[in-house]
Amino acid sequence: MNVPVKASSLAIVAALAVMACGKEEPPPPSAAAVPPPPPPLIVKLGHAAPLTGPQAHIGKDNENGARLAVEDANAAKIKLDGRDVKFELMPEDDQADPKQGNLVAQKFTDAKVNAVIGHLNSGTTIPASKTYSDNGIPQVSPSATNPTYTNQGFKTAFRVMANDIQQGKVLGEYAAHNLKAKTVAIIDDKTAYGEGLASEFKKAAVASGVKVVAEEHTDDKAIDFAAILTKIKGKKPDLIFYGGMDPQAAPMAMQMKKLAIKAKLLMGDGGCTSEFVKNAGDAAEGHYCSLPGIPYEKMPGGPKFIERYKAKFNSDIQLYAPYAYDAVMVVVEAVKRAGSAESARILAELPKTDYQGVTTRITFDEKGDIKDGAISLYVAKGGKWEALDTIGGPAAAPAQPEGMGGMQGMGGMQGMGGMTAVPAPVATAPAPVSAAALAKSKNCLTCHAVDKKLVGPSYQDVAAKYQGNPDAAKTLAAKVRAGGKGVWGEIPMPPNPGVNEQEAAALASWILAGAK
């Protein structure tokens, strides 16, 4: 068949056009694909505390503090080698049980966590610490206070609050010199924390001239103390010391009231919670406790932390949440300095820590204990813990710098968990105020009286000591601020960084005038 030339040409053109439509043209150079960003570097932080059982409220409090820190660290958009760093909290329930604590430690090891925040209790922290040491995992406890933890020689062990040697010594001396106890009965819960603190208290109390008339033991699950307290009542002690936690301390106080025991209860940090005053009710009134550190409202970042915690969790801080926050941040800062999330690199940086935290300025000694740990004393009054005294601590409380998550500045907020502190230190020249009011607001009257001798001599005796000294006012003002032995007599006086030069001068002039 003959095909016309024109028709044939059109068919060939059409075929070529179809072939051309199926051919993919290469993209212009400017449209080349951008490589995806590298995945974030995950830093896993194990957190161990009792999340079930009678101490669950304290364990959850620790976890909440740690979570706030992780949120702030992630909000800071930290980068290492061009990669975003993401911190993840891995919470585990150790039930405040040493055996369970060891299981949790092994679980963290298997999960290859970069560091551990915890444990809460000394009884779980100490046995777990060997696992962390054997595997080179940094461990920063926010709340374990038994000295054994850092006395084992493990280079992985650190803590961000004062230990029980410091706390027990302060409690024993306070019982003798401030509470004027001549005799004391001692009860502990047989845990590493409770028994350890009771032992340190006993040493200091006996050294201060207090006679121990009874020593009894219970456990951290008990709620009936009638037999122990009946036995103690017959000894008529001036004071009862309890080494243990608030789930036992509250019913103990209630049963003391029921048995009409006149002695007051003195406890360490385990009983110094809002749950104690809540659960003991009016039986809490007049009892005493101590907490490592300074009152929450006086912490460099305390007021802001109180506000954030309440807004986030709709509850008051129970006990150690600010310390758990700082424990996380100490690790975060070590990661930043190391430029790495490897446990070994973090460990190399932790001893170099110099971090202004929510609670205080944190530096560690050669054992991993915080340097210059303070201890604060409280009394239960009107359904709240009211601050009495703070003993020890850094020579001066530095201002809180800008930090992650807006953690900066001091506020004027009431205490967390029903805790009320004495007025915060004044950083600038105050409005005119009488020296007598200053003496009261600065807690001077806890140790000294105008007409009655307490721990230190009366102000009239001090005035007589400096009589005829032309530099008396200047010398006395300097000593009021610096503290130390020989300020008033042989009894050492803590430094008063919260008293500024103008206030010290006013106090000195008032004292030298006979405190009139």
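Look up: the structure comes first, before these words.
What counts and how
- Residues numbered from 1 in each chain as written.
- Predicted model: local features only at pLDDT ≥ 70, side-chain atom pairs only at ≥ 80, totals over all residues.
- Heavy atoms only, no water.
- Helix = DSSP H or I, 4+ residues; strand = E, 2+ residues; numbered from the N terminus.
- Expected span 1.5 Å × (residues − 1).
- Buried < 20%, exposed > 50% of the residue type's maximum accessible area, 1.4 Å probe, protein only.
- Arc of directions from axis to C-beta.
- Contact = heavy atoms within 4.5 Å.
- Polar contact = N/O pair within 3.5 Å; in protein donor to acceptor, adjacent residues only side chain to side chain.
- Salt bridge = Lys/Arg side-chain N within 4 Å of Asp/Glu carboxyl O.

### A closer look at helix α3 (residues 98–110)
And step 1. Helix length check: α3 (13 residues) gives 19 Å between terminal C-alpha atoms against 18 Å at 1.5 Å per residue, within 8%.
And step 2. What α3 keeps buried is the set Gly101, Val104, Ala105, Phe108 and Thr109. All buried residues of α3 fall inside an arc of 140° around its axis, so they share one side. When the buried face of α3 is taken as reference, the exposed residues oriented beyond 90 degrees from it are Lys99, Leu103 and Asp110.
And step 3. Buried residues along α3 sit against β1 (41–49), β3 (83–93), β4 (115–118) and α4 (122–134).
And step 4. Sitting at the head of α3, Asp97 places a side-chain oxygen 3.1 Å from the backbone nitrogen of Lys99.
And step 5. Taken from the residues just after α3, Lys112 is the one with a positive phi, measuring 55°.

### Here's the deal with unusual backbone geometry
And step 1. Put simply, Gly118 and His119 share a cis peptide bond, and its omega is 5°.
And step 2. Relative to the elements of secondary structure, His119 occurs in the loop between β4 and α4.
And step 3. Positive phi is not limited to glycine here, since Lys180 has a value of about 60°.
And step 4. In this fold, Lys180 is placed in the loop between α6 (164–177) and β7 (183–188).

### Describing the pattern of salt bridges
Close approach of charged atoms allows side chains with opposite charge to pair.
And step 1. Following the criterion strictly, the structure yields 21 salt bridges and no others.
And step 2. Here Glu349 ties to Lys352 by a salt bridge, and the two come within 3.3 Å at their closest N and O atoms.
And step 3. On the basis of relative accessibility, which here comes to 13%, the residue Glu349 falls in the buried class.
And step 4. Its relative accessible area of 54% is what places Lys352 among the exposed residues.
And step 5. Residues joined by salt bridges that share partners form a network here, namely Lys60, Glu63 and Arg67.

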